[in-house]
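# Summary of the model geometry
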Amino acid sequence: MPKLCKAGQQLREQIDDDYPDRDRKSDGWIADARHMAKGTSDHIPQDGIVRALDIDADLNAHKEEAYALVEKIRKCAKRGDKRIKYIIYDGKIMSPIMNWKRRKYRGANPHRSHFHISFTTLGDKDGSWFDLEGDRNERIQTDGGKLGENIPRDGSSDIPSGGLGSRRNCKCGASISLA
Ligand SMILES: [Zn+2]
């Protein structure tokens, strides 16, 4: 059974934390049979891994929220997170070409109902936290590495979860296994 790459799983989880009541109708990751047949999409599993994620643009918030979120992902990639390969949203594509500048996307689907994120092979096993706010270092200093309130989940109380949105990962920089 193919799996979504670790980076995709992590990014989706961060978005779910930030927008818990978002609409997921246009979400997706694995290609359907029709797209499989066409043969060129990061949604098609390669060696059992899907390296693309679609997120519904309806974040159950104002429309500009989707733009703002795409902008955060774009800036995160621009700052050097090489797991992100490219992003498509609302007729624009953003990629390392022209240093993540928004360029016109000429594909058949302009991607208005959802935004698409493709990942590089670096994201296959690397599910570390995406620094979407761009304040990872600052946060470590100002918060002194303290974790948020622990909310038990799946019977375990070691996993900080909920309440703090995308801050679910340990701010001291240590990785927390959610497996
Ligand atoms: Zn897609």
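What comes next concerns the included structure. If you're wondering where the values come from, they're calculated on a predicted model, not measured in any experiment. (Residues numbered from 1 in each chain as written. Predicted model: local features only at pLDDT ≥ 70, side-chain atom pairs only at ≥ 80, totals over all residues. Heavy atoms only, no water.)

## With respect to the sheet that holds strand 3 (residues 52-56)
Judged by pairing direction, the sheet is antiparallel, and its five strands sit side by side in the order 3-7-4-5-6 without closing on themselves. Single-partner strands in this sheet number two, and they are strand 3 and strand 6 (103-104). Two elements, strand 4 (residues 84-89) and strand 5 (residues 92-94), share three bridges in a ladder whose sense is antiparallel. Across the sheet, I88 pairs through a bridge with I93, a residue of strand 5. Sheet strands touched by helix 3 (residues 63-78): strand 4, strand 5 and strand 7 (114-119). Its angle to strand 4, the strand with the most contacts, is close to 160°. (Pairing = 2+ DSSP bridges. Helix = DSSP H or I, 4+ residues; strand = E, 2+ residues; numbered from the N terminus. Contact = heavy atoms within 4.5 Å. Axes fitted to C-alpha atoms, helices over the stretch in contact; angles between N-to-C directions.)

## A closer look at the coordination of the zinc ion
Protein coordination at the zinc ion: the donors are H43 (NE2), D54 (OD) and H116 (ND1), at 2.0 to 2.1 Å from the metal. Read in sequence order, the donor residues for the zinc ion give the motif H-x10-D-x61-H. Residue H43 is located in the loop between helix 2 (33-38) and strand 2 (49-50), and its partner D54 is located in strand 3; the two are separated by 11 residues in the primary sequence. For the residue pair H43 and D54, the accessibility class agrees, reading buried in each case. (Donors = N, O, S within 2.8 Å, 3.2 Å for Na, K, Ca; no water. Buried < 20%, exposed > 50% of the residue type's maximum accessible area, 1.4 Å probe, protein only.)

## Structural notes on the layout of surface pockets
Any space left empty among the atoms is revealed by the rolling of a water-sized probe across them. A volume near 560 Å³ is recorded for the largest pocket. Taken together, 22 residues line the largest pocket, and the ones lying closest to its centre are H35, K38, S41, H43 and H111. Its residues placed into classes, the lining of the largest pocket shows seven nonpolar, 10 polar and five charged. (1 Å grid on protein atoms, 1.4 Å probe; cavity = no way out; pocket = protein on both sides within 12 Å on 5 of 7 lines; lining within 4 Å. Points joined across faces, edges and corners; volume = space filled by probe spheres on them. Nonpolar A, V, L, I, M, F, W, Y, C, P; charged D, E, K, R; others polar.)

## Some thoughts on the nonpolar core
Ranked by internal contacts, the top residues of the largest apolar core, which has 27 residues, are I73, I84 and I117. Looking at this core, the elements that each hand over two or more residues are helix 1 (6-18), strand 3, helix 3, strand 4 and strand 7. For this core, the element with the most residues is helix 3, which contributes six residues. For I73, the residues in contact, after removing those within four places along its chain, are L11, I15, I84, I87, F115, I117 and L132. (Core = buried A, V, L, I, M, F, W, Y, C linked by side-chain atoms within 4.5 Å.)

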